Amino acid sequence: MLTDWIFYKGKAILTFVNPGIDLASAPLGTPLTLLGTEVESGAAQRLASLGLRVGSSFALIAKTAGGGRVALVAGSRVALGRSLLAQLWAEVA
Amino acid sequence: MAPISAEELTKLALASTLKPCCQAATDSVGAPEDPLVALVGPPNTGKSTLFNALTGAKVTMGNWPGTTVEVSRGVWKSSSVSATCADGECDCAHCEQPLEISVVDLPGTYSLDPNSPDEALTRELLLDKPLAERPDLSVVTCDASRLTGCLYLVAQLREQGLPMVVALTMVDVARNRGIEVDATSLAKQIGCPVVLVDPRRRNGLAALAATVRTALGRPAPAARRVPVDADDLDLEDDRFSWISEAVEAANGASMRPGPTRSDKVDRWVTAPFFGPVIFLAVMWLVFQLTTAVAAPLQDLLGGLVSGPITAGATAGLGLIGLGGSWVEGLIVNGLIAGVGMLLTFVPLMALMFVLLAVLEDSGYLARAAVVTDRLMRSIGLPGRAFLPLIVGYGCNVPAISATRILPNAKQRILTALLVPFTSCTARLTVFVMMGSVFFGPYAGTAVFAMYVISILIIIVVGLGLRATFWRDEPIEPLVIDLPAYHLPTLRLTASVAWVRLKGFLRTASGIIVVAVCGVWLLQAIPAQPGGSFGAVPVADSVYAAGARAVAPVFAPAGFGSWESTSTLAVGFVAKEAVISSWAQTYAVEQPADGAAPGSLGASVWTSFNQSSGGHPIAAALAFMVFLMAYTPCVATLAAQWREIGPRWTLFGVGMQLTLAWTLAVAIFQIGRLLL
């Protein structure tokens, strides 16, 4: 779940930011925008170098064996493992 | 999909290069005398295909010094550079010189921020080495059908101001997807030459040669400017806006709506149910081809060596008066037998390398990794490790070589250490004989148990190694850029398979021949004074004396006789020789069918009964497990030596012997209470 600190009457309060949906629950064939990730830096870097970074548009186009998904990112077909899906948050674009 | 012609590619390439080469010659700063060009690029962008197309068969493959990262090196010769000048009729001195460049194929990487030892090597060679040791130029392969994912590396390289040329591959795939790439605009936007190439069909190579020649004679371009005092996030934002502008300029983002042909195939090939079914069918085919198809060829070569060649050598030595001498023994039972053993592996390895090349080139291997990822991840291995492990059940030698499909060096080492525990078909022949002798109607169950134990050992050892040596190595989540499917080309498949086969033969030949000669030598030396060299019964040889000295080690496992120990020593050379070695030791005829062992079975039973103190079944079970878990054969060692280096190979031998002995002792000690 994505969180953020806001300040209200001089106090810092931890709030939940609109997390959208995780990719395991995201619909197939619908344009999505990546809102945030909770993956470790190496994987985040790998995703970013493939064009999947916060704010980028993509779509999930297929389910794979083992519970993963294939994402269409800037013309590339990127297979994402099951463990990764729950750590990526998106909203329908 | 209509491939782009050579003429069309050259025309497109020329339009995108900066200047005609004779102009470049006039403002040249002087090309290096012995230039080194590095091929870099993200995985699955045709980098190694381009390397093979440029260098042909003049390639050396091996680990980079001090690492287990495989790097290929070759020489790129091209004389067709005059066609690159503006009017195509240039005959200036610059153009007429033949191009001869050393090329190094660096491990694939998406960025210069390494996530694995392979990627770290690429960074080290491009950025961290002293300037004089770095390549003079980098050729960066970029897939035109997925430009955005490839330009991140280009962006980072441009920030360093390194001399580089972009080789744009998969232009036909991009066109099929409705993506038209304007190479001229792209070159202008990214500030370096862009050449369209199709290495699979060897198109565009002359244009690439001309562009590389021109770039080598020029000063490195100025580094791309990045915001001053930018943190990592700002830097990434800057890179991605640079990439977006470049893609927009090249019209690379234009896309035909709807699924591509590869997408349609992937609906079945990576699908939750059919994906694993198709994968198992492919693996079955690989297994069948590497065993059933190669077997007759192996028999043919084996028969040729043991028959006409051996007979010819024996007759020839007889004619010159060396018949029956130790020289005949050395040549026939040492050298010829060793070379013969090596030759029997050639069809198997050739077939394996062809299949690997086809799976890689077609794009299926990336899908196989997706399908098996979850299963393999549970034992700490990536999905691709499934292939070598499956192949190992046919023969460990090609399976070790198959570990090179794993992109990460540590994963390769781990998988190569596990492969010897896959029970190959050579071991099966011994299991069948032992099963028939000791387990009668339950022989099938006993053999099946060996396979179950083999799988359990792989799981336990895999988890154990991960928990110790690779404790801090995270299991990276699956992120794979799926390449478009291709029909493998004959030339590329043959070229890749030949280079790999050559590498295997170079490393394995020495080890195998020396090991076989070593066994012959030990069997030829008499243990007692009075015996004559080369004419001593095995039981009276140094070999048997050594086996007697070692035999007590196996007493706690119930098979501490010199006959069993010497058989294990022969099995170290080749498991195929275990039964014939037993027959030789007990001086009985070798059974034609392992399931009907005859007098050999009776001798083996008696020996095990004596050495186990009346618990032959427990001892036989312990022996079978030892045979399954200890070092498979000297050819496997040779393959490991080549793939993971001597340190890990010796570690593997130690681990296998320790585990095999421990299991055998445990099984016998428990078994003798029950059986």
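A. A look at the overall build of chain A. The secondary structure content of chain A amounts to two helices and eight strands. When its helices and strands are written in sequence order, chain A yields β-β-β-β-α-β-β-β-α-β. For chain A, the residues scored as buried account for 43% of the 93 residues in total. Contacts spanning at least 24 positions in sequence make up 50% of the contacts within chain A whose residues lie at least 6 apart.

B. Highlighting the overall build of chain B. From N to C terminus, chain B includes 26 helices and eight strands. Per-residue burial over chain B gives 49% buried out of 675 residues. Considering only intrachain contacts with a sequence separation of at least 6, the fraction spanning at least 24 residues in chain B is 75%.

C. Summary view of the pairing of strand β6 (residues 164-169) of chain B. Residue and element names in this part refer to chain B. Among the six residues in β6, six count as buried, and that is most of the element. Every second residue of β6 is oriented toward a common face, with Met-164, Val-166 and Leu-168 on one face and Val-165, Ala-167 and Thr-169 on the other, all of them buried. Pairing between strand β5 (residues 137-143) and β6: six bridges, direction parallel. When the bridges of β6 are listed, Asp-143 appears paired with Thr-169. In terms of handedness, the path from β5 via helix α6 (residues 147-159) over to β6 forms a crossover that is right-handed. Examined bridge by bridge, β6 and strand β7 (residues 194-196) share three bridges and lie parallel to one another.

D. Expanded view of the sheet that holds strand β5 (residues 57-63) of chain A. The seven strands lie next to each other as β3(A)-β8(A)-β4(A)-β5(A)-β6(A)-β7(A)-β8(B), forming an open sheet whose pairing is antiparallel. In this open sheet, the two edge strands, each paired with only one partner strand, are β3 (21-22) of chain A together with β8 (479-482) of chain B. By the bridge criterion, two bridges tie β3(A) to strand β8 (residues 88-92) of chain A in an arrangement that is antiparallel. Bridge assignment links Asp22(A) to a residue of β8(A), and that residue is Trp89(A). Along the sheet, helix α14 (residues 364-377) of chain B contacts β7 (76-80) of chain A together with β8 of chain B; its crossing angle with β8(B), the most-contacted strand, is approximately 150°.

E. Summary view of the environment of Gly558(B). All names here are of chain B. Within the secondary structure, Gly-558 sits in the loop between α21 (542-550) and α22 (562-573). By the C-beta count within 10 Å, which is 30 here, Gly-558 ends up buried. Separated by 107 residues in sequence, Gly-558 and Val-665 have C-alpha atoms that sit 7.7 Å apart. With residues near it in sequence (within four places) discarded, Gly-558 still touches Ser-611, Ser-612, His-615, Ala-618, Ala-619, Ala-622, Phe-668 and Arg-672.

F. Summary view of the packing of α21(B) against α22(B). Residue and element names in this part refer to chain B. Interhelical geometry of α21 versus α22 gives an angle of 110° and a closest axis separation of 8 Å. Between α21 and α22, the interaxial angle falls into the category roughly perpendicular. For α21 against α22, the interelement crossing comes out right-handed. When α21 is examined against α22, the residues Tyr-543, Ala-544, Ala-547, Arg-548 and Val-550 are found in contact with a partner set consisting of Trp-562, Thr-565, Ser-566 and Ala-569. Here the residues of the contact of α21 with α22 sort into six nonpolar, two polar and one charged.

G. Geometry of the interface of chain A and chain B. In this complex, chain A contributes 31 residues to the contact, which on the side of chain B involves 33 residues. Elements with a contribution of two residues or more to the side of chain A that touches chain B: α1 (41-49), β5, β7 and α2 (82-85) of chain A. For the side of chain A that touches chain B, a count of residues per class yields 14 nonpolar, twelve polar and five charged. Alignment of β7(A) against β8(B), held across four bridges, turns out to be antiparallel. Within the sheet, the bridge partner assigned to Leu80(A) lies in β8(B) and is Val479(B).

H. Structural detail: unusual backbone geometry. All names here are of chain B. The residue Asn-44 is not glycine, and still its phi comes out positive at about 60°. By secondary structure assignment, the location of Asn-44 is in the loop between β1 (36-40) and α3 (47-55). Given 24 C-beta atoms within a 10 Å radius, Asn-44 is considered buried. Look at Arg-202: it is not a glycine, yet its phi comes out positive at around 60°. Of note, Arg-202 is situated in the loop between β7 and α9 (205-216). Given 18 C-beta atoms within a 10 Å radius, Arg-202 is considered partly exposed.

I. Spotlight on helix α8 (residues 183-190) of chain B. Residues and elements named next belong to chain B. Taken together, the buried positions of α8 are occupied by Ala-183, Leu-186, Ala-187 and Ile-190. Down the axis, α8 shows its buried residues gathered within 100° of arc, on one side only. Following α8 by one or two positions, Gly-191 has its phi on the positive side, about 80°.

J. Here's a closer look at the nonpolar core. Residue and element names in this part refer to chain B. If you look at the biggest cluster of nonpolar residues, it comprises 216 residues, and the most contacted ones within it are Val-166, Leu-168 and Ala-622. For this core, the leading source of residues is helix α13 (residues 326-362), giving 15 residues. Apart from the residues within four sequence positions on either side, Val-166 is in contact with Val-140, Cys-142, Val-154, Ile-190, Cys-192 and Val-194.

K. Examining helix α5 (residues 117-128) of chain B more closely. Residue and element names in this part refer to chain B. The end-to-end C-alpha distance of α5, which contains twelve residues, comes to just 14 Å, noticeably less than the 16 Å that a straight helix rising 1.5 Å per residue would cover. Buried within α5 are the following residues: Asp-118, Glu-119, Leu-121, Thr-122, Leu-125 and Leu-126. An end-on view of α5 places all buried positions within 155° of arc, on one side of the element. Buried residues along α5 sit in contact with β1, β5 and α17 (409-418).

L. Structural view of the environment of Tyr364(B). Residues and elements named next belong to chain B. Along the chain, Tyr-364 falls in helix α14. Under the C-beta neighbour-count criterion, Tyr-364 is labelled buried, with 20 such atoms within 10 Å. Between the alpha carbons of Tyr-364 and Ser-145 there is a distance of 18 Å; along the sequence they are 219 residues apart. When neighbours within four sequence positions are excluded, Tyr-364 is seen to be in contact with Val-282 and Leu-359.

M. Just the pairing of β8(A), in detail. Here strand β4 (residues 31-37) of chain A runs beside β8(A); their pairing, made up of five bridges, is antiparallel. Counted as the bridge partner of Gly36(A) is Trp89(A) from β8(A).

N. The arrangement of the confidence of the model for chain B in detail. Residue and element names in this part refer to chain B. Mean pLDDT over chain B works out to 82, with 87% of the residues at or above the 70 mark. No element of chain B has a lower mean pLDDT than helix α2 (residues 21-26), at 44, and none a higher one than helix α25 (residues 616-629), at 95. Below pLDDT 50 for its whole length, residues 12-28 participates in 47 contacts with residues either more than four positions away or in separate chains. Note on residues 82-89: pLDDT under 50 across the span, and 17 contacts to partners over four residues away in sequence or across chains.

Procedures and definitions
- Residues numbered from 1 in each chain as written.
- Chains lettered and ligands numbered in written order.
- Predicted model: local features only at pLDDT ≥ 70, side-chain atom pairs only at ≥ 80, totals over all residues.
- Helix = DSSP H or I, 4+ residues; strand = E, 2+ residues; numbered from the N terminus.
- Buried ≥ 20, exposed ≤ 12 C-beta atoms within 10 Å, placed from the backbone.
- Contact = placed C-beta atoms within 7 Å.
- Pairing = 2+ DSSP bridges.
- Right-handed = clockwise from strand over helix to strand, strands pointing away.
- Axes fitted to C-alpha atoms, helices over the stretch in contact; angles between N-to-C directions.
- Parallel < 35°, antiparallel > 145°, perpendicular 65-115°, else oblique.
- Left-handed = near helix turned anticlockwise from the far one by under 90°.
- Nonpolar A, V, L, I, M, F, W, Y, C, P; charged D, E, K, R; others polar.
- Arc of directions from axis to C-beta.
- Core = buried A, V, L, I, M, F, W, Y, C linked by C-beta atoms within 7 Å.
- Expected span 1.5 Å × (residues − 1).
- pLDDT = per-residue confidence, 0-100.

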